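Commentary on secondary and tertiary structure
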Amino acid sequence: LGVNYIKANSLRHDHNSIVKNYYQIGRGSIRIECLTEFLVSILTEPLFDILRTHEQLGYGISCSARKNSGVLGITITVEYQENKNSADFIDMKIDEFLVQYHIVLKSINDKDFDAAKICFMSSKLTDQTDLEHEVSRNFEEIRNGEYIFNRNELEAMEIESITKEEILEFYKR
């Protein structure tokens with residue numbers, strides 16, 4: 001519990017650096033996975049827009065959902081040059097963004113929120129045209145011991161019932 005960090009110096013003289021913040025959510029369920037992935041889907045573009053385009057903090061800005069051994073989390077990654085900004089400064093800017101984004105998230109109107117849900121649901125229900133991807137998805141179910149081969153359909157149903165209030169509470173936690 002709490003905050004931990006590690007800083008490692010490069011073995012060679014290189015100004016390229018990375019800050020990767022991991023926000024652990026906890027054990028997953030289909031509902032929690034949907035909330036996590038939906039939050040990432042609506043967070044990614046504003047994160048890039050603010051930190052990359054407006055703040056110009058780095059050359060690579062990303063946000064992703066993670067699931068390791070059944071434990072869910074969200075990572076925010078900023079690739080930057082250490083000779084322009086420090087890791088502490090980048091970390092502070094990520095924190096500032098997250099505080100401000102909660103305000104933005106609260107102000108999203110119902111029409112835009114529903115449109116984001118529909119777009120995300122559609123991505124879950126799109127047929128796989130790549131057999132390799134489909135096989136990988138099914139083997140992942142076997143590897144993690146969950147065996148939910150119709151996960152996309154179940155997730156689409158869960159996403160449909162997500163409310164704005166629920167995503168706001170999830171974001172706060």
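You'll find the structure just up there.
Residues numbered from 1 in each chain as written. Predicted model: local features only at pLDDT ≥ 70, side-chain atom pairs only at ≥ 80, totals over all residues. Heavy atoms only, no water.

Side note on the layout of surface pockets
Applicable threshold: Using only the protein atoms, space was sampled on a 1 Å grid; points where a 1.4 Å probe fits but cannot get out form cavities, open sets with protein on both sides within 12 Å along at least five of seven lines form pockets, and lining residues are those with an atom within 4 Å of a point. Grid points are joined across faces, edges and corners, and a volume is the space filled by probe spheres set on the points. Every helix listed is a DSSP run of H or I at least four residues long, and every strand listed is a run of E at least two residues long, numbered separately from the N terminus. Note that Gly is not counted as nonpolar here; it falls among the polar residues with everything else outside the nonpolar set of Ala, Val, Leu, Ile, Met, Phe, Trp, Tyr, Cys and Pro and the charged set of Asp, Glu, Lys and Arg.
Approximately 1,100 Å³ is the volume found for the largest pocket. As for the largest pocket, its lining consists of 28 residues, and the residues nearest its centre are Tyr-5, Ile-6, Val-19, Lys-20 and Asn-21. Among the secondary structure elements, those contributing two or more residues to the lining of the largest pocket are strand E1 (16-27) and helix H2 (87-107). Of the residues forming the lining of the largest pocket, the biggest block, nine residues, is contributed by E1. Split by residue class, the lining of the largest pocket holds eleven nonpolar, ten polar and seven charged. Here the second largest pocket defines a volume of roughly 660 Å³. Around the second largest pocket, the lining is made up of 24 residues, and of these Glu-33, Glu-37, Glu-140, Glu-141 and Arg-151 lie nearest the centre. Considering each element in turn, the lining of the second largest pocket owes the most residues, six residues, to helix H4 (residues 131-143). Across the lining of the second largest pocket, the residue classes break down as two nonpolar, ten polar and twelve charged.

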